[in-house]
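Each chain, letter by letter, is given below.
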2 protein chains.
Amino acid sequence: MSDPRPIGVFDSGIGGLTVVKALRELLPNEDIFYLGDTARVPYGGKSATTVERYSLEMADMLLEENVKLVVTACNSASAVALGRLEQTLSVPVIGVIKPGAQAAVAATRSQHVGVIGTRATIKSGAYERELRALNPDINVTARACPLLVPLIEEGWLDDGLTDHVIARYLGPLTQEGVDTLVLGCTHYPLLADAIGRFLAGKAKLVDSAHTCAKAVEQLLDRHSLRASRGGAASLQVALTDAPDTFLAVARRALQLEIGEVQLREVLHRAPATAR
Amino acid sequence: MSDPRPIGVFDSGIGGLTVVKALRELLPNEDIFYLGDTARVPYGGKSATTVERYSLEMADMLLEENVKLVVTACNSASAVALGRLEQTLSVPVIGVIKPGAQAAVAATRSQHVGVIGTRATIKSGAYERELRALNPDINVTARACPLLVPLIEEGWLDDGLTDHVIARYLGPLTQEGVDTLVLGCTHYPLLADAIGRFLAGKAKLVDSAHTCAKAVEQLLDRHSLRASRGGAASLQVALTDAPDTFLAVARRALQLEIGEVQLREVLHRAPATAR
């Protein structure tokens, strides 16, 4: 059995394209429909209630595109809205947190894992919960790094200033004995080289975009949802507001072939349509 | 004649409290109702259409509080939505751009003015237009500084790292001969000391929060809208989403007496209510 429908991916903005890149590499014959809520970016910093509502609206818009699976390529949304999405949607849903936590637990030797992300992701405690559910004895040090997203969006990916900010944020984590670091924000893989330079082998990086793509592959197999087509598959990108310079940064850094970007108005979710 | 109704102030978030601070100092007996759209912050980076719609929604919510005047304490909104607000609202409206431009034109000797702000404010070209309307021969160098807001929100106000970012952004401006710098974002007055250290007398700072408060004073006089009460007036702060750590940073740095912060849901503006 095979299923030619696209994989749906949503994020608060452009950062989730790192997940698209990882999906493209791992599953090159799957169509992908990506939806970025650039009109309301960032979700990080907004309340759980607000992020949950926005996530349901994004998922509804993906279902209108006939997707077979919804990937929540946004750590803030995965942290607070995944349960509600799972209850509500008619297709399988996957987030970025659980796969990242599983990879970190498999990788750590010191049983001390570091997690970095936006304020909302870190404040939610979602990674700690997921890591401790997998191994109750694990030691977690989590740190919000709100400067990293704007540095990435400036395109200052290999830059002394960015290295200083990374050292400021990560220095205390490596001093505490963290041997595995989860990149808990889908923007952060764009800084994987710079962060790797700082860590210099002192800790392993867990790239949550890559681990999420691996989990999508398993989920497709489990539900017999793989596409059977040969050859290159399509990638459609839609945004809720006009793209800014970061799209160019991401496109260049990720070397993604993105055609014309579509603009979509947010479908506001009226209470009566709640399922 | 006097008018005891509050002055309404809105911003995309918390940054507009710098305007409230300036209003408090200049007009201590005026009640103020402040509304921060923290559920959708930042406006900088969003499209003009979206910022215009959000601004109309915020203004409607202020009118429900019976304000006598609406201060658009947000450069992104002033840049793109002021005309529409002026056409639509039943009370006078004032933004932060025109007063800042007037102060800059009065201050410059080299006739070369620098403007810094968010991407949206700079991209809109609103300061250039306003400055050139006042003096067609003026030379303007504008630069978007997207790192400054998150640095301020981290509370890294007097910090070597912040000084480096400021030098990166402002170095080219002073080298080009700018002698007057407009802080075109209401967050930026919180970095006035750090920016002043970098400029070291090479350029004068125009603080758009302060110049906006002066313009409000003139507008109240022109429309006979001043409150006549003696003694301390009230300050109410409402946000569209739960406050984060930046409220504490701003409260401390500005030394503002803010009571309990109210939470308000955004009143979505249905097309039928458009006036």
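The structure presented is a predicted model; accordingly, all values stated were derived computationally and were not measured.

Novice: Any details on the domain arrangement of chain A? Residues and values, ideally.
Specialist: All names here are of chain A. For chain A, the domain assignment lists domain 1 (7–95 + 211–273) and domain 2 (97–209). The straight-line distance from the C-alpha centre of domain 1 to that of domain 2 is 22 Å. Of all the secondary structure elements, the ones that give two or more residues to the side of domain 1 that touches domain 2 are α1 (17–26), α3 (75–88), α10 (208–222) and α11 (245–254). In terms of residue class, the side of domain 1 that touches domain 2 is made up of 15 nonpolar, 10 polar and four charged.

Novice: Run through the packing of helix α2 (residues 48–64) of chain A against α3(A), naming residues and quoting values.
Specialist: Residues and elements named next belong to chain A. Following both chains from N to C, one finds α2 and α3 inclined at 55 degrees, their axes separated by 9 Å at the closest point. Here α3 runs oblique to α2, going by the angle between their axes. Crossing of α2 over α3 shows right-handed handedness. For the pair α2 and α3, the contacting residues are Ala48, Val51, Glu52, Ser55, Leu56 and Ala59 in the first and Ser76, Ala77, Val80, Ala81, Arg84, Leu85 and Thr88 in the second. Looking at the contact of α2 with α3, its residues break down into eight nonpolar, three polar and two charged.

Novice: Break down the sheet that holds strand β1 (residues 7–11) of chain A for me, with residues and values.
Specialist: All names here are of chain A. The six strands lie next to each other as β4-β3-β1-β2-β9-β10, forming an open sheet whose pairing is parallel. Across the chains shown, the open sheet's two edge strands, defined by having one partner strand only, are β4 (93–94) and β10 (262–263). Taken together, the two bridges between strand β3 (residues 69–72) and β4 define a ladder with parallel strand orientation. In the strand pairing of β4, Val71 is matched with Ile94. Packed onto the sheet, α10 meets β1, β3 and β4 and runs at close to 165 degrees relative to β3.

About the cut-offs
- Residues numbered from 1 in each chain as written.
- Chains lettered and ligands numbered in written order.
- Predicted model: local features only at pLDDT ≥ 70, side-chain atom pairs only at ≥ 80, totals over all residues.
- Domains from an automatic or database assignment.
- Helix = DSSP H or I, 4+ residues; strand = E, 2+ residues; numbered from the N terminus.
- Nonpolar A, V, L, I, M, F, W, Y, C, P; charged D, E, K, R; others polar.
- Axes fitted to C-alpha atoms, helices over the stretch in contact; angles between N-to-C directions.
- Parallel < 35°, antiparallel > 145°, perpendicular 65-115°, else oblique.
- Left-handed = near helix turned anticlockwise from the far one by under 90°.
- Contact = placed C-beta atoms within 7 Å.
- Pairing = 2+ DSSP bridges.

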